[in-house]
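# Summary of the model geometry
Listed below are the residues making up each chain.
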Amino acid sequence: MIIDINFVGLIIASIMASAVPLILASCGELITERSGVLNLGVEGMMIIGAISGFALMTITGSLIIAVFGAMLAGVLISTIFAFLTQTLITNHVATGLALTIFGIGISAMIGKNFVGIPGKEFPVLFEGLKDTIPLLSPILFGHSIVFYFAFALPFITSYFLKKTKIGLIVRAVGDSPESASNQGINVRLVRYACILYGGAMCGLAGAYLSMIYTPQWIENMTGGRGWIALALVVFSTWNPIKILIGALIFGGLTIIQFHMQAIGVRIPVQFLTALPYIVTIIVLVVISRDSRKIRLSTPSSLGKSFHKDN
Amino acid sequence: MNTSLKISNVTKIYPGCVANDNVSLEFNSGKIYALLGENGAGKSTLVKILSGVIIPDEGKICLNENNLNLNSPLDAKKNDIGMVFQHFNLFETLSVFENLIIDSDEKREGLREKIDTIMKKYNFSIDLDIPVLNLSAGQKQKVEIIRCLIRNPKVLIMDEPTSVLTEQETSELFLSLKKFSEEGILIIYITHKLKEVMRLCDEVAVMRRGKLVSISQVKDENIESLANKMVGQNLKTIKKTKEKASSDQLIRITNLNFISEDPFETNLSDINFSVNRGECLGIAGISGNGQSELFQVLSGEIISDKNSIEFNKNYIGDLNPQERREYLMAFSPEDRLEQAAIPQMAIFENVALNNFKSSNFFNNGLINESKIKEHSKKIISDFNVNTDNIDLKSQFLSGGNLQKLIIGRELITSPDLLICFNPTWGLDVGAINYIHETLIKINEQNKSIILISTDTDELLKLSDKISVIHKGKLSNIMNAEEVTSEKLGILMGGGN
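Residues numbered from 1 in each chain as written. Chains lettered and ligands numbered in written order. Predicted model: local features only at pLDDT ≥ 70, side-chain atom pairs only at ≥ 80, totals over all residues.

### A short note on the overall build of chain B
Across its full length, chain B carries 17 helices and 23 strands. Relative to a compact globule of 496 residues, whose C-alpha radius of gyration would be 23 Å, chain B shows 24 Å and is just as compact. Among the 496 residues that make up chain B, the fraction classed as buried is 44%. Relative to all contacts within chain B whose residues are 6 or more apart in sequence, the contacts with residues 24 or more apart total 68%. (Helix = DSSP H or I, 4+ residues; strand = E, 2+ residues; numbered from the N terminus. Rg over C-alpha atoms; globule rule 2.2 N^0.38 Å. Buried ≥ 20, exposed ≤ 12 C-beta atoms within 10 Å, placed from the backbone. Contact = placed C-beta atoms within 7 Å.)

### Re the sheet that holds strand β6 (residues 81–84) of chain B
All names here are of chain B. Spatial strand order, β6-β7-β8-β3-β9-β10: 6 strands in an open sheet with mixed pairing. Unpaired on one side and paired on the other, β6 and β10 (211–217) mark the two borders of the sheet. Neighbouring strand axes in the sheet, compared pairwise and without regard to direction, differ in orientation by 20 degrees on average. In this structure, strand β3 (residues 32–36) lies alongside strand β9 (residues 203–208), joined through 4 bridges in parallel fashion. The residue bridging Tyr33 from the neighbouring strand is Glu203, located in β9. Each of β6 and β7 (155–159) touches helix α5 (residues 137–149); the most contacted strand, β6, lies at about 175 degrees to it. Sitting on the sheet, helix α6 (residues 167–182) touches β3, β7 and β8 (186–191), and the angle it makes with β8 is about 145 degrees. (Pairing = 2+ DSSP bridges. Axes fitted to C-alpha atoms, helices over the stretch in contact; angles between N-to-C directions.)

### A short note on the sheet that holds strand β1 (residues 4–14) of chain B
One key point about sheets: their strands pair by backbone hydrogen bonds, in either a parallel or an antiparallel sense. All names here are of chain B. Here 4 strands make up an open sheet; going across it, the order is β2-β1-β4-β5 and the pairing antiparallel. The two strands at the open ends of the sheet, each matched to only one other strand, are β2 (17–28) and β5 (66–68). Mean inter-strand twist for the sheet, computed between neighbouring axes without regard to direction, equals 25 degrees. One ladder, built from 5 bridges, connects β1 with strand β4 (residues 58–63); its direction is antiparallel. By the bridge assignment, Lys6 is partnered in β4 with Cys62.

### Things to note about the environment of Ala340(B)
Residue and element names in this part refer to chain B. Examined against the element boundaries, Ala340 turns out to sit in helix α11 (residues 336–340). Given 24 C-beta atoms within a 10 Å radius, Ala340 is considered buried. Considered as a pair, Ala340 and Glu261 are 79 residues apart in the sequence and their alpha carbons are 24 Å apart. Residues within four places of Ala340 in sequence aside, it is in contact with Ser332, Pro333, Asp335 and Ile406.

### A closer look at the packing of helix α1 (residues 5–34) of chain A against helix α11 (residues 240–263) of chain A
Residue and element names in this part refer to chain A. One way to put it is that α1 packs onto α11 with a least axis distance of 7 Å and a crossing angle of 140 degrees. Considering their axes alone, α1 and α11 lie oblique with respect to each other. Note on packing geometry: the crossing formed by α1 with α11 is right-handed. Residues Ile11, Ser14, Ile15, Met16, Ser18, Ala19, Leu22, Ile23, Ser26, Cys27 and Leu30 of α1 pack against Pro240, Ile243, Leu244, Ala247, Leu248, Phe250, Gly251, Gly252, Thr254 and Ile255 of α11. Among the residues making up the contact of α1 with α11, the classes are represented as 15 nonpolar, 6 polar and no charged. (Parallel < 35°, antiparallel > 145°, perpendicular 65-115°, else oblique. Left-handed = near helix turned anticlockwise from the far one by under 90°. Nonpolar A, V, L, I, M, F, W, Y, C, P; charged D, E, K, R; others polar.)

### Comments concerning the interface of chain A and chain B
Taken together, the contacts link 16 residues of chain A with 18 residues of chain B. Those elements giving two or more residues to the side of chain A that touches chain B turn out to be α7 (165–175), α8 (177–182) and α13 (291–297) of chain A. Of all the elements, α7(A) adds the most residues to the side of chain A that touches chain B, at 5 residues.

### Quick look at unusual backbone geometry
Peptide bonds are mostly trans, and most non-glycine residues show a negative phi. Notably, Phe126(A) is not glycine yet its phi reads approximately 55 degrees, a positive angle. Residue placement: Phe126(A) occurs in the loop between α4 (92–111) and α5 (136–140). Taking the C-beta count within 10 Å as the criterion, Phe126(A) has 13 such neighbours and is therefore assigned partly exposed. Notably, Asn384(B) is not glycine yet its phi reads approximately 60 degrees, a positive angle. Counting through the fold element by element, Asn384(B) comes out in the loop between α13 (369–382) and α14 (399–411). Asn384(B) gets classed as partly exposed once you count the C-beta atoms within 10 Å, which come to 16.

### Some remarks on helix α12 (residues 269–287) of chain A
All names here are of chain A. End to end, α12 covers 28 Å across 19 residues, agreeing with the expected 27 Å (1.5 Å per residue, within 8%). Of all the bends in α12, the largest measures some 40 degrees and sits at Leu275, one to four residues before the proline Pro276. Every buried residue belonging to α12 is among Pro276, Thr280 and Leu284, and all of these are buried. (Expected span 1.5 Å × (residues − 1). Bend = angle between axes of the 7 residues up to and from the residue.)

Keep in mind these numbers describe shape, not what the thing actually does.
As structure tokens, this is what we get:
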């Protein structure tokens, strides 16, 4: 059997494309969690982003408005979460779950009028270079700008946390909000900003799904990717580079098991479908075994409410 | 340059308590001032006001004749007031350098140079690039001090700085503080330890129940006079009459090892000791040297080899705490609200918790509430717990009252052995005295105690035999009469 080398390249590119929403949402949630806030509303924010992006694109016809609108929608819904958890000091877990339920419900309601409408084509970059290098060309060229941004994001996030002053402040707040507050850092402000940023990235992840990956609106189209993104953050031990690895493994196994099903490999379908979840978690657990590093990168105040006693 | 800090008529009222009642004080640079008082006397509130953490209801603060508006910790920093809190304000998972640069406006290289100069000047040696959680308590405190010094403070406030330090580290700290004072930094030293006031300070202000009760020169005072001012009555001194203990062995630990999977716990290696009836064995050490692991192994929270613990001629190393209680052991853990009691449960419910089997608190799986309440009332009156409401949630008891309740609860079953871990940590003098008396009484009834404590004075007062734990290893067991606090200090630091 001769395998077309460009076909392999296309498979790899499709794996990478399927990893994009996971990377975006995980990296956003990572910043939120590093500041000590556990937002379980990722799935809800993603689906809001998905419907907002698709609806705005259909109504205005502008892709730019649609993409930024989806991010804004993510910011707005995460503002509800931020207000509840940071100003009214509600429980992070309960509020986050409510946010997801709310997001799924309201997106289905808004989405009623958009079912069955075809999407628009999203412009891709470097299309002219698509046939220049065998194998690598389909991987490197001819993708949307969101695709390139997603693969840069883990490195930007890592640099931001390690090398910048604001990144240091985010980590400090997640480590000990009490100490940060006594150092004159406005804990609430930092946490608001991190929650809103997380919302924006989840909104973008949703928009990628409904506008680029599968350009149409289907109810519940995020299909649990928000939960996978959350799991990636934890199992990567809050490390953006490991999120990238995890997202690629998950995306890869999802695509490959489709192909295996298509070829008719004699493995039960249920097992194949479950495979990406199991393998991703095992791999991330194995590469993150160093308990010293886990201690150093786990935000100590994660999920705990902070209010100044005074 | 001279610095003067003036507090005038500061009042802070909380619901149900006046934390600071019209307090006025004046400080001048060149001297070290002590602010002395028991827990809850209001000294912490006062220093939190000075550092901008708490805003007073009334009164004003002037630094060099300028009225200060301290609305946040940032305001205090901007006005050259540095503060080292009792509970460190450090970020454990960040490196030392990251901890220092976070509130500094300087560039990386400039700051590094500045820190190096400070460390050289005061003989500090700390690796700037390791995470803070790897530092000892003394080193963490130095990081806090450096953090203040970077800003060239005019005033340096130290809140109970020695509670986590060894004897050696305390001496080093005192030397540094004297040096700072000579250089013109005004030092305010908050403590409830009288010895430290005598050793370090020039002037002392005593607070009691939110009020300032006296200001005097330290040279005109002595430990007794200060203690009486602090407590407001004459304290009786407690002394254990050391009789010859029996030779009837009660508990024996043989070749006990514990290897933790958590790298931030301490491994215990080759622990051997025994305690006779009527005896108190004190275990000294700087916190974090394996005390909490040792306590857990002894109490059964961590199960060990069956034969490693022999109690009353039974091998019980593999039993859990509940089973060990049936052999008449009792436990008073370090963290009163996390380990010893459940904060959200009522007093009487907490009393019932350690007596599942050997009592008539439960009938056929139902709670016999009247019996438990009757019993709780007895504990409250027998052990001087200052409340008459047994339905009160235990989190609302003061530390002293809660500790009395816990010890009382543990003594219900009249155990042969009580194991306690820092039983008087953070308590005021009155409560400490009471607990000490109770522990001495236990020994007098020919029952035994294992006292794990970081307070060497307490150990010397109560123990018949003393050992020191350092990095998970026990030193030789010494007779308490032959031990001095200096010797303990050396052993606690790992010396011979």
